[in-house]
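So the chains spell out like this:
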Amino acid sequence: MAASVAAAARRLRRAIRRSPSWRGLSHRPLSSEPPAAKASAVRAAFLNFFRDRHGHRLVPSASVRPRGDPSLLFVNAGMNQFKPIFLGTVDPRSEMAGFRRVANSQKCVRAGGHHNDLEDVGRDLSHHTFFEMLGNWAFGGEYFKEEACNMAWELLTQVYGIPEERLWISYFDGDPKAGLDPDLETRDIWLSLGVPASRVLSFGPQENFWEMGDTGPCGPCTEIHYDLAGGVGAPQLVELWNLVFMQHNRLVLRRILRRAVRFSMEILKAPPGFLGSLVPVVVETLGDAYPELQRNSAQIANLVSEDEAAFLASLERGRRIIDRTLRTLGPSDMFPAEVAWSLSLCGDLGLPLDMVELMLEEKGVQLDSAGLERLAQEEAQHRARQAEPVQKQGLWLDVHALGELQRQGVPPTDDSPKYNYSLRPSGSYEFGTCEAQVLQLYTEDGTAVASVGKGQRCGLLLDRTNFYAEQGGQASDRGYLVRAGQEDVLFPVARAQVCGGFILHEAVAPECLRLGDQVQLHVDEAWRLGCMAKHTATHLLNWALRQTLGPGTEQQGSHLNPEQLRLDVTTQTPLTPEQLRAVENTVQEAVGQDEAVYMEEVPLALTAQVPGLRSLDEVYPDPVRVVSVGVPVAHALDPASQAALQTSVELCCGTHLLRTGAVGDLVIIGDRQLSKGTTRLLAITGEQAQQARELGQSLAQEVKAATERLSQGSRDVAEALRLSKDIGRLIEAVETAVMPQWQRRELLATVKMLQRRANTAIRKLQMGQAAKKTQELLERHSKGPLIVDTVSAESLSVLVKVVRQLCEQAPSTSVLLLSPQPMGKVLCACQVAQGAMPTFTAEAWALAVCSHMGGKAWGSRVVAQGTGSTTDLEAALSIAQTYALSQL
């Protein structure tokens, strides 16, 4: 499977980079192929899909000669007219400032500049100087990756009817040089939609990263390609769709801060802590305009100072590595790519490659760019292999490798140093390093070797480690190691995993590493601290659930990383909003008390009869580690104390905070039933939780405003329809926002009730409007067998109501009404009197008129409706009159 997927990946890369030449396209019989759709039909289907199914506003195409944008000779993309939104320069009073979800068909010309296709025109089937770009756009967080991918897949496969097996997907594989991670979220979305992993492949920034220019909004993109070959031979791909997710800005803020740190120290000769000392000046200058600076001044100063201190150490180390390497180079030698690469792969302790290049440029030394490109490609290939869901990710020791280690008498890894950390008086954590010896080395395919070379990815077994290997639901640590006596050569460690009592470290070797080498290990402190906060929060959440729902609530599983935590628990019924809120409040109370977290290894037998002690249905080691919040372990395990009933006490091998206060806050952002009796909760902590609460409050204010608008009533149908659409968009925003789940449930109940009230108001207004127009038409037409006329109506439903009311008041009269709409569109509705049938039917009448207008009609013998487009309404009315008279 791996070989076939890799081969497919190579074919796709070739196909994408060299789309089919018109000269070389094979001439196979096309009788089985459906006839090609006209451009107008493709365009109309696209725009109607996003307007009618997903509530997008249709925006007309801008002129190909851009107005007010001197940076462009021609409009070259559908996003050009929205640049003020992306750049944050849109006038808040303008109509554009109110755009949330829009769709458009934009005329484009590409003949120069950043997106220049001129040299490819005439050489293949996919490049043009002039073309139309169809686009759907979401502003202000209306929706993001999951919704965009779902909409695209729905349109292509269900509306256009494109066979799924002909569609290939590419996604962004990351860019270590720019400090960008692979877009695994998008990959997983496509896999969840049923796209086979063999057709979901990753590429680097050249293919799958979109940027407006050298600076400004940018982000990963995912492309949908159509295979012209239809599975016969190598794929011949044409790009159909490029979904861009602008989640970055070229200026990815910490990098600015770190450049400022280096400049202030090396150029200004400022002392350490200089940038943090400037925060009060900034607050004094801008605090009146931006009150949040005054509220958070202490936190801002601490964050700046902490990042400055951490980066200064990295900068000093990087300078020593660069200077030592330069001393080994000749006058014309380039700086080795492997050294620069190793500097960039060490988490929050690394130096960005752009800074390494800048430091070398200042010394007049050129970096080996070709070598960097090679390393980037190898990294992309490695990540593509890791992305295969059919394979176990990364290195692994199988039963044969473990048996060989046992035969050699290699002892299991001592990983007790992972618990060696402490709290400083300032409240920050100090993580100890670990001295270790290399006992075994493995290549990527699991072969044991005596040494690994420069740039090689490898697995390491050490006699001891301070890295937490993934287990117990907690994500693995990451960080780096150095050789004893050569502390300036960093070996990045991506992950650690448990293999039969051994801890296997996955690393990249910038230089040779041999069996027996002495090394020193450093964990990525920010990553570890994030895991510690989430793990302690998981324990508090588990305890709070038992306090709220009762002792029958049991944990079924969990998983956590620095971003979020997931907890599966047994529940009799789904949690109510009140219960979710009560659980959060209980956790917040424990966090606010900043209780001590006690951890201790004890004999397993001591834990057997402790009331309230939480443990999972699994085999525990002996001795076992106990984690107790607020109560020393010895006291918690005393059966007479009942302490485990009053606080969180669990058997756990994970790493935890030493005090609960560092959790900051906890918000449950999602819950769903996995199966009957099992609920999965998703939660975030700290600053993320605070942001979720703020977003929840903001949406609550929007719901309140919508309630007030509805209470005030609408003057006409158009205003009522706008309010209904706004409420519909608000429902979607509440459904998808990262916010407290209890609040989401409450707001959804409110806005859905508002939606029902709004729809009722629309129906009442439509009935009133229809009655008024009915009277006007009756006054205008004398009684007779036929009424054919035009009338203004906001929608087809209103037009149908007018027709029906006319026929109710004049039962012997057959009625057909046309209603002109913007952009030449015309609505049609008709009803045939009972006495005129069966020779005269409404469906045939509507079809005769709408066909003349290039549209379509549907209905029954009695009532029918349809649409079309014409600028000559009189001709359409004449057709209707003539047809009816011929049938009566």
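Please refer to the structure placed before this passage.
Report on the accompanying structure.

Thresholds applied
Residues numbered from 1 in each chain as written. Predicted model: local features only at pLDDT ≥ 70, side-chain atom pairs only at ≥ 80, totals over all residues. Heavy atoms only, no water. Helix = DSSP H or I, 4+ residues; strand = E, 2+ residues; numbered from the N terminus. Buried < 20%, exposed > 50% of the residue type's maximum accessible area, 1.4 Å probe, protein only. Areas by Shrake-Rupley, 256 points an atom, 1.4 Å probe, with all protein chains shown as cover. Salt bridge = Lys/Arg side-chain N within 4 Å of Asp/Glu carboxyl O. Pairing = 2+ DSSP bridges. Axes fitted to C-alpha atoms, helices over the stretch in contact; angles between N-to-C directions. Parallel < 35°, antiparallel > 145°, perpendicular 65-115°, else oblique. Left-handed = near helix turned anticlockwise from the far one by under 90°. Contact = heavy atoms within 4.5 Å. Nonpolar A, V, L, I, M, F, W, Y, C, P; charged D, E, K, R; others polar.

The secondary structure content of the protein amounts to 24 helices and 32 strands. When the 888 residues of the protein are sorted by exposure, 47% land in the buried category. Surface accessibility of the protein: about 42900 Å² in total, with carbon and sulfur atoms responsible for 52%.

Following the criterion strictly, the structure yields 30 salt bridges and no others. Among the ionic pairs, arginine 457 bridges to glutamate 444, the shortest N-O distance being 3.9 Å. Taken as a pair, arginine 457 in strand S15 (residues 456-462) and glutamate 444 in the loop between strand S12 (434-442) and strand S13 (448-449) lie far apart in primary sequence, 13 residues in all. Accessibility expressed as a relative area gives 39% for glutamate 444, which makes it partly exposed. Taking the shortest distance from any N to any O, the salt bridge between arginine 780 and aspartate 789 comes out at 2.9 Å. Within this structure, Arg101, Glu142 and Glu732 form a network of salt bridges that share partners.

Spatially, the three strands line up as an open sheet ordered S23-S24-S25, and their pairing is antiparallel. On the outer flanks of this sheet lie strand S23 (597-602) and strand S25 (649-651), each paired with one strand and no other. Averaged over all pairs of adjacent strands, the angle between strand axes in this sheet comes to 20°, irrespective of strand direction. Judged from the three bridges that link them, strand S24 (residues 624-629) and S25 form a sheet pairing that is antiparallel. From the neighbouring strand, serine 628 faces S25, where its bridge partner is valine 649.

Before going further, it helps to spend a moment on the packing of helix H19 (residues 686-712) against helix H21 (residues 741-780). Two elements in contact, H19 and H21, have axes whose closest approach is 11 Å; the angle formed by their N-to-C orientations is 20°. Classified by the angle between their axes, H19 and H21 sit roughly parallel to one another. The crossing of H19 and H21 is left-handed. Contact residues: H19 offers Gly696, Gln697, Leu699, Ala700, Val703, Ala706, Thr707, Leu710 and Ser711, while H21 offers Gln743, Leu747, Thr750, Val751, Leu754, Arg757 and Ala758. Of the residues in the contact of H19 with H21, the class split is nine nonpolar, six polar and one charged.

Bringing the environment of tyrosine 883 into the picture now. Examined against the element boundaries, tyrosine 883 turns out to sit in helix H24 (residues 873-887). Considered as a pair, tyrosine 883 and alanine 846 are 37 residues apart in the sequence and their alpha carbons are 9.9 Å apart. Sequence-distant contacts of tyrosine 883, that is, excluding residues within four places in its chain, are made with Phe840, Ala844, Trp845 and Ala848.

Geometric descriptors of this kind do not, in isolation, establish any biological role.
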